[in-house]
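Examining the three-dimensional arrangement
Listed below are the residues making up each chain.
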Amino acid sequence: MRRFNTFSKYRNVVAKLDKDKSLSFPGTTLNTDGLDSCNMITASQYFIGFKSNGNNIGVLSLNEYEKINNGVIPMGRPSIQAHSSAVNDFEFSPFAYDLLASVSNDKTLKLWEIPEDGIKENLNNALVTLVHDENTSGVNMVHFHPTVENIISTASLNKVYLWDIENQKIINTFNSENEIQYFSWKEDGSLFVRSLKANSNCLEIIDPRNSNSPTVGAGHPGSKATRALWLGNTNNIITTGFSRTRDREIFLWDTRNMSSSVFSSRMSFSPGILMPFFDSDTNLLYICGKGNNILLKYELKNNNLEDNNQLLVTSNNFTGATLVPKRALDVMKCEVGRILQVTKDTVTPITINVPRTNMRNFIPEIFPDTKGDVSALTTEEWINGVTKEVQKISLDPAKAVAAKAHNKNANPLKTNPVTVSVPAPKPSDGPVMPIQVSIGATARANPLSTKPNPLSSKPNPLSAKPNPLSSKANPINSGSSSNESLNKRSNPLNSSSESLNRRVNPLNSSSSSLNRRANPLNSSSSSLNKRANPLNRSSSSVNSDNNETKTKENDNQPPVTPAANIAMKFGSQASSYRFMSGKVKVQYDNLTGYWDNLTNEIDGIEVNNKFIAIPINGPGGRIAVLKTRESGRIPSTLNCILCGSTMTYYKFNPFNSNMLITGNENGNVQIWQIPDEGLNENLTEPDYSFSLFNGKTTLIEFNPLVENLVLVGGYDVGTGSTILKLLDINIKQEVFSEHEDKLNHPDIILNADWNYDGTKIATLCRDKNLRVIDMIKGEILKEGIASESNKGRVRWLGKSGKILSVGFDKQSNQEIRIFDENDLSKPLTALSIDLSSSLLCVHYDEDTNLIYLYGRGESNIKIYEFLEGQDPCCRLLLKINTESIQQGIAFDHKQYLDVAKVEINRAWVVSKDSIKSISFTVPRTKTEFFQDDLYCPTRDFEHSSMTIDSWKSGQITPLKTINLCPEGMKLLSENTTTRVVKSTAHLIRKVDDKSKGNVKDEFVNQLVARIGDSDSDSDSDNQLEQDNMEGLDDDEWVCIKNNK
């Protein structure tokens, strides 16, 4: 059964851009120009190296942000004067945190030893300099051997070199007839893979100790650069590259069968290469792209990549990145990974954490042993065919060993671990097991303290200052609490005569500080919170009078919802739609002749409750019409609407499903009536045709509230401007013709949209200006710059008074901006989306505040959530893969959704050969109930609310709303059949045999009291089932039913 599936420990990891620790590089201090194979940055346990100005390499400590003001790295800082030509690649040794290798166009490989306290003056003299062949044009890549510390591999344009750096000689070379784009070692050092640029990019797996021919794989079909990364010590290789249509691709290969990939994923078009990083301890794969701002996560399971998750969208695009070694992570904060992001002028850490409620102790299940820094083999042993992995070490701070340096005189970067056993004071109502506090190899603050650890000498995770307790016996006597038990001079864990210092002992024995976490079985009158928490959360669990008062105050507060719990932990309100998914289904296949040469102003598909309309290639402006609620194979010959001239715009009438209006290149606007059974023959004569413009028709938009009122726009060849007209398609006349001169635009209108009550429109013109126009008064109210490009689209965001525009920024990145309709001088929010040439189209769902962005020629839908009144007021939720190159997308009306499957939206996607539907659903367990927290009453867009005369007089009548709840379906908010309460199994502590019975009785009494209180509160309905949940681990919850 599905409920017994084994889930990954890392499925809920959270990534955070740690801007407080960001480093800023003014001027040319940070160099982000280089080859596609260069990551622009590298890291060891203690240092980071980056490309600096000129041909230099800058070096900083991993915690440099603590040494400088505001994180600004001054210009002219000492660096490594590395090469006489451009630095192409550089990497720290996995066996010595202070040894750095670099290669350059000057044909040399150089090794540098970083001083223990960093670079205080320019470093010019390399430890080792090795020169490559004279006919080598330059050296592009360098990688240390994963198991032998004295072997380094480098790659030029068509040759891989293996160097013995101890004897300073070449071990072997591996030529290629094609350009080498990237190479990577298997973790045991027995094989390496390289990606080659051929007629079609290919892969080669080479055994460097065997003369056999390499194993060859197909690679990516595109002509641009690729990368190949061996995934740890597995049989899998990940490659990133491009398709023939320049879409970015991710392939997973099994080295035992390279005939085809075992996994593939296609992303949207972008010229930047994807950079993969693999953590072999957790099997997590991180992928980011140069020129993009998205960080993806996959997990390698059973020869496949699973658990695809968009971890983070950063404010700036990646120009480089690297993965920080595991021994530098803050394991006491459940940090399982850290990526350093390089932008054009900053280096910012991205921390990746597993959210846990209890982070006092080291958690070994999420931190498996990691590779140490002791070489597994000598050079001779490896050459003779021995294969051996590097010995692994524990990440537990109490078991930490000294970090290894190349400089033999360097001080070891660690502290000696000391374990202090602190007995808990015995409260009056029951004993508690003593807690062990490990103090040692980490320099982070004590997990039980709000102050810095006095033992730390460096903010680096491996402190260089020895623990003053390392040579002394434990001074804490379990039978004494006097001040003589701790000596201030010898023990930093000094306590007052009243209690042990709270930084060490959470069980402070003073009259006001029994920690709620230390003693869960406190039986004071306020220790059991009726609503959600059985543990006393006040500052004092001994003074029952004070606690009683505070508990009563807390009971008057509203219960904490799951979203609020997540917000308290991670800093932002959680979205109800963050786990939304999209299911793709083919409705029509065998589509031939689709007209994909559309302008940016035209939508590639139009849909209503009866028909689907798509443009077809051919003379006369052809539009095919299909049934919306049917599916199947499209015949090779389709009956079409023939406009008589090239079609430039088309729209369905929202209040008449059989009416389609088209605009043509000859300036005509035509009205077509489609029979209920569809087109049995070509439709050549329109019901009516308006001749309005001497240039092409560029705009058709129906008023969302008024029947028969449509806005049309057309190009005036004589003036080069766009003319706006309002038409009454019932009486075939213009409305407010006297306003036309006031509404002219100086160039072509790219897009327009009516506001919530149908009185104003927002237009986006090729002159880059966004305008808000009162259509009843016929005047332009506001005007401002929408974007840096002369392409874009615009949408009103419901009744919020905010306007969304999409376009491109100065770097040609897709961009969205949100404006207030009363102030178009500057945007409220501006977000860079992706580096792509495709113009984004927009659909806004006013019921859920979700913004759907999709580009023609891409293969995904980006979903953002509009957060009115917050800064920023827009955030990315997720991406949905459409599984094909989309040419257009349209959305269905809400009343046709399947609410029983918690379907909150449905989209229709047209590609060159098919039409698909995508069902957007939110996972819920109680699908037999109507999810009234997701479905609000929605506006009925199929029935108008007023006539044109009422609209002209200013008598605005809103649309009627529809309740989507089916008849007979119960509301989720009325469901009281089940409750979810927190398990108390974790509260039991081991105690002495003599007191086991008493503790058991005490625990049972409190548990019964909790259940009784919970039953008495069950009458407080009008809450959702999930409001009583807390954000804890799955195994900490149990489900019980009423009256059982």
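This text follows the structure it describes.
This text gives an overview of the structure that appears in the document. (Residues numbered from 1 in each chain as written. Predicted model: local features only at pLDDT ≥ 70, side-chain atom pairs only at ≥ 80, totals over all residues. Heavy atoms only, no water.)

Time to look at unusual backbone geometry. Here the phi dihedral of Gln 168 falls at roughly 55°; this positive angle occurs in a residue that is not glycine. Turning to its location among the elements, Gln 168 is positioned in the loop between β12 (159-164) and β13 (169-175). Among the residues examined, Gln 168 registers a relative accessible area of 45% and is labelled partly exposed. At Val 902, a position not held by glycine, the phi torsion is positive, near 55°. (Helix = DSSP H or I, 4+ residues; strand = E, 2+ residues; numbered from the N terminus. Buried < 20%, exposed > 50% of the residue type's maximum accessible area, 1.4 Å probe, protein only.)

Another point: the nonpolar core. Membership of the largest hydrophobic core comes to 36 residues, with the highest contact counts inside it found for Leu 726, Met 775 and Trp 951. Taken together, the elements giving at least two residues each to this core come down to β40 (656-664), β41 (668-673), β43 (697-702), β44 (709-715), β45 (722-728), β47 (749-754) and α4 (948-952). Leave out the neighbours within four places in its chain, and Trp 951 touches Asn 703, Val 706, Leu 709, Leu 726, Phe 736, Trp 754, Gly 758, Thr 759, Met 775, Ile 776, Met 946 and Ile 956. Within the second largest apolar cluster, 34 residues are counted, among which are Ile 605, Leu 660, Ile 674 and Ala 890. (Core = buried A, V, L, I, M, F, W, Y, C linked by side-chain atoms within 4.5 Å. Contact = heavy atoms within 4.5 Å.)

One open sheet accounts for four strands, arranged β47-β48-β49-β50; its pairing is antiparallel. Strands with a single pairing partner mark the edges of an open sheet, and in this sheet they are β47 and β50 (779-785). This sheet shows a mean twist of 20° between the axes of neighbouring strands, independent of strand direction. For strand β49 (residues 769-774) and β50, the ladder comprises six bridges, and the chain directions are antiparallel. Residue pairing for β50: Val 772 is matched across the bridge by Lys 782. (Pairing = 2+ DSSP bridges. Axes fitted to C-alpha atoms, helices over the stretch in contact; angles between N-to-C directions.)

Of note, Tyr 97 is situated in strand β7 (residues 96-104). By relative accessible area, which is 4% here, Tyr 97 ends up buried.

Below, the discussion takes up the sheet that holds β44. If you trace the four strands from one edge of the open sheet to the other, you get β43-β44-β45-β46, paired in antiparallel fashion. Single-partner strands in this sheet number two, and they are β43 and β46 (733-735). Across the sheet, the mean angle from the axis of one strand to that of its neighbour is 35°, orientation sign disregarded. Pairing of β43 with β44, which is carried by five bridges, proceeds in the antiparallel orientation. Each bridged residue has a counterpart across the sheet, and for Leu 699 the counterpart in β44 is Gly 713.

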